[in-house]
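If you want the building blocks of each chain, they are given just below.
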Amino acid sequence: MLKDFYRQFKSGTDIRGVASEGVSGQSVNLTDEVVASMADGFLLWLAQKVGKKPCELKISVGRDSRISGPRIMEVTTSRFKRGGAEVLRCGLASTPSMFMTTVDLGCDGALQITASHHPFNRNGLKFFTREGGLEGSDIEAILELAQDGKAPEETDSGTISDIDYMSDYANGLCEKIKKEVAAEDYEHPLKGFKIVVDAGNGAGGFYADKVLAVLGADTDGSRYLDPDGMFPNHVPNPEDSAAMASICEAVRESKADLGVIFDTDVDRGGAVDSKGNEINRNRLVAVAAAIALEGNEGGTIVTDSITSSGLKDFIENDLGGKHYRYRRGYKNVIDKAIELNQNGINCPLAIETSGHAAMRENYFLDDGAYLCTKIIIKAAQLRKEGKELDELTSALKEPLESTEIRYKITEKDFRACGERIIAELTEYAEAKDGWKVADDNREGIRVSFDKENGNGWFLLRLSVHDPIMPLNVESDSEGGVEKILSQLKEFLKTTSGLEL
């Protein structure tokens, strides 16, 4: 069983901790010694998983632009070599590319050193096998091995080789665009397009130079392509308002046809069309769904729980698909999509409003660069027809008002407290006139309101990892959010365990 010290590193399906000094009150816990123990744990876990000895394994290692990345890469690669593994050191790389080394290079496992969009002082370890990212139970098993000091037998047979896999990965995206656009100038299908990239000083700068420019696009006006692990310009996160404002500004200033933005390790993406419309959150889901359902008529799109009612209408009534609302957490939606396919249900896409999008045609890998590539292909195809990208989702109805409130849970057993509150609210809602409890919701409680009572909906759920209950509210009427909130607050006054 995990003790508190090693338990603190488990973050869902990743390992994360503090890797650099510089933030008051946060001391480094991802020390060289701790990272080495985790590397040993992964080597032992992977050997058992694939049925090989540690000295027979082939493992790739990459990192994002964080300042602690080179140190952690040195520790992990050295430790893998010490156990006898063949190590491919990929340097600066995207998280999706590291999974693809298991496909293209025959690696038994892969490690990406990243903490996604978290601050500069944090870092982490994200592992892959050929089957995809690990589950939370796998992370616990690795941490238990680390905690118990388990390590493979030391040997001198291991090797470390430096490789440039990112160029191969980028070339794969280039070939996909060439093939699917099928332009008259086959080698330059994006000639005549102006596309700007905001990489947020993360690992995504390659997309402008090694994909777009190679294919003939004008990328002048792109921002923050150079890796800088202090992230001096904005948080590399497509959900962040400052980040989206940056790419919108870049599109306007350069009069671009399209803008794309990535998070630090490029497993998430977002975009902006030529009119300055953000292709983000619900609109990103709508665009991705429209693309994924081509050739998959009537297919099912799995999303997280906080998607709008307008998106459901768009997927089901305009696209002719089915919308399966599931739980927050990108691994949750991916796992559910895989499960549905295994059960014979045609499900080509799993996508979370955060920007994690995984397509069946791409191993259900959440890959921001692949998502943006699909959007760019569609934009090029539409241009041939004399159409613009925004026409793809012109029927999408978006809420007039929306907000999110995050209530802190004050009780020690926060999960039990949150579940109790959801049960109490469900009973309360079912007895209230004008409140309609959603029958297709699979996380927390979702309630819809008619025009008289707010013309919208709320979703109250329990955070995936933290003692927090997020509340999302949307309305199609001016003042509707406040009207819904005022009704909900009557219930909240009667419950306990929340800091209101």
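Residues numbered from 1 in each chain as written. Predicted model: local features only at pLDDT ≥ 70, side-chain atom pairs only at ≥ 80, totals over all residues. Heavy atoms only, no water.

1. Description of the overall build of the protein
Basically, it comes down to this: Numbered from the N terminus, helices here are DSSP runs of H or I no shorter than four residues, and strands are runs of E no shorter than two. Here the globule rule reads 2.2 Å times residues to the power 0.38, and the radius of gyration is calculated from C-alpha atoms. Accessible area is worked out with a 1.4 Å probe on protein chains only. A residue is then buried under 20% of its type maximum, exposed over 50%, and partly exposed in between. Every residue pair with non-hydrogen atoms within 4.5 Å of one another is taken to be in contact. In short, Shrake-Rupley with a 1.4 Å probe defines the accessible areas, and a residue's cover is counted only from the protein chains shown. Under this rule, positive means Lys or Arg and negative means Asp or Glu; His and the chain ends count for nothing. The atom standing in for a charge is NZ when the residue is Lys, CZ when it is Arg, CG when it is Asp and CD when it is Glu.
Regarding its fold elements, the protein presents 14 helices and 23 strands. Against the globule reference of 23 Å for 500 residues, the protein gives a C-alpha radius of gyration of 23 Å, in line with a compact fold. In terms of overall dimensions, the protein has C-alpha extents of about 75 × 60 × 50 Å along its principal axes. Buried positions account for 57% of the 500 residues belonging to the protein. Here the contacts in the protein between residues at least 6 apart in sequence split such that 68% fall between residues at least 24 apart. Looking at the protein as shown, the accessible area adds up to about 20,400 Å², and 45% of this sits on carbon and sulfur atoms. The distance from the centre of the 60 positive side-chain charges to the centre of the 83 negative ones in the protein is 1 Å.

2. Here's the deal with the side chain of Thr-495
How we decide: In the analysis that follows, any N or O atom pair within 3.5 Å is treated as a polar contact, provided that within protein one partner can donate a hydrogen and the other can accept it, and provided that, for residues neighboring in sequence, both atoms belong to side chains.
Its place among the elements puts Thr-495 in the loop between helix H14 (480-492) and strand E23 (498-499). Side chain to side chain, Thr-495 and Glu-424 meet in a polar contact 3.0 Å long.

3. Topic: the pairing of strand E14 (residues 322-325)
The criterion, for reference: A pair of strands is treated as paired once DSSP finds two or more bridges between them. Classification remark: right-handed applies to a crossover when, strands pointing away from the viewer, the course from the first strand over the helix to the second runs clockwise.
Both strand E13 (residues 300-303) and E14 contribute to a ladder of 4 bridges, which runs parallel. Directly across from Thr-303, in E14, lies its bridge partner Arg-325. The handedness of the E13 to E14 crossover, carried by helix H10 (residues 309-318), is right-handed.

4. Quick word on the packing of aromatic side chains
Filter applied, for reference: To pair, rings of Phe, Tyr and Trp, with the six-membered ring standing in for Trp, must have centres within 6.5 Å; the planes then decide the type, stacked if under 30 degrees apart, edge-to-face if over 60, and tilted in the middle.
A complete count under the given rule lists 17 aromatic pairs for this structure. Their ring planes at 50° and their centres at 5.2 Å tell us that Tyr-428 and Phe-491 sit as a pair that is tilted. Remark: Phe-491 occurs in helix H14 and Tyr-428 occurs in helix H13 (residues 414-430); sequence separation between them is 63 residues. Counting every residue linked through ring pairs, the aromatic cluster contains Tyr-428, Trp-435, Phe-449, Phe-458 and Phe-491.

5. Re the nonpolar core
The tendency in soluble globular proteins is for nonpolar side chains to be buried side by side. Test applied: Here, nonpolar core refers to any group of buried Ala, Val, Leu, Ile, Met, Phe, Trp, Tyr and Cys residues whose side-chain atoms link them within 4.5 Å.
Counting 66 residues, the largest nonpolar core has Leu-190, Phe-206, Tyr-207, Val-211 and Val-260 as the members making the most contacts within it. Every residue in contact with Leu-190, bar those within four places of it in the chain, is listed here: Ile-177, Ile-195, Leu-212, Leu-215, Gly-216, Ala-217 and Ile-376. One finds Val-61, Ile-72, Ala-85 and Leu-125 within the second-largest nonpolar core, a separate group that totals 34 residues.

6. Here's the deal with the pattern of salt bridges
Should their charged atoms come close, side chains of opposite charge can pair. The line we're drawing: Basic side-chain nitrogens of Lys or Arg form a salt bridge, by our definition, when they fall within 4 Å of a carboxyl oxygen of Asp or Glu.
Overall, the coordinates contain 38 salt bridges when judged by the stated rule. Here Lys-374 makes a salt bridge to Glu-180, at a shortest N to O gap of 3.7 Å. Of the two residues, Lys-374 sits in helix H12 (residues 368-384) while Glu-180 sits in helix H6 (residues 165-181), which places them 194 residues apart along the sequence. Among the residues examined, Lys-374 registers a relative accessible area of 9% and is labelled buried. Here Glu-239 makes a salt bridge to Arg-281, at a shortest N to O gap of 2.9 Å. You can see Glu-239 sitting in the loop between helix H7 (206-212) and helix H8 (241-254) and its partner Arg-281 sitting in helix H9 (residues 281-292), a full 42 residues away along the chain. Look at Glu-239 and you get partly exposed, because its relative accessible area is 30%. Connected through shared salt-bridge partners, Lys-176, Glu-180, Glu-361 and Lys-374 make up one network.

7. Considerations on the pairing of strand E18 (residues 401-409)
Pairing geometry for E18 and strand E22 (residues 468-475), over 8 bridges, is antiparallel. Each bridged residue has a counterpart across the sheet, and for Glu-404 the counterpart in E22 is Asn-472.

8. A word on H12
This is how the line gets drawn: Helix span is expected to be 1.5 Å times the residue number reduced by one.
Relative to the 24 Å expected for 17 residues at 1.5 Å per residue, H12 spans 25 Å between its end C-alpha atoms, a close match to the ideal helical length. For H12, the tally of buried residues reaches 14 of 17 residues, placing the bulk of the element in the interior. N-cap assignment for H12: the residue whose side-chain oxygen lies 3.0 Å from the backbone N of Ala-369 is Asp-367. Positive phi shows up at Gly-386, right after H12, with a value of about 75°.

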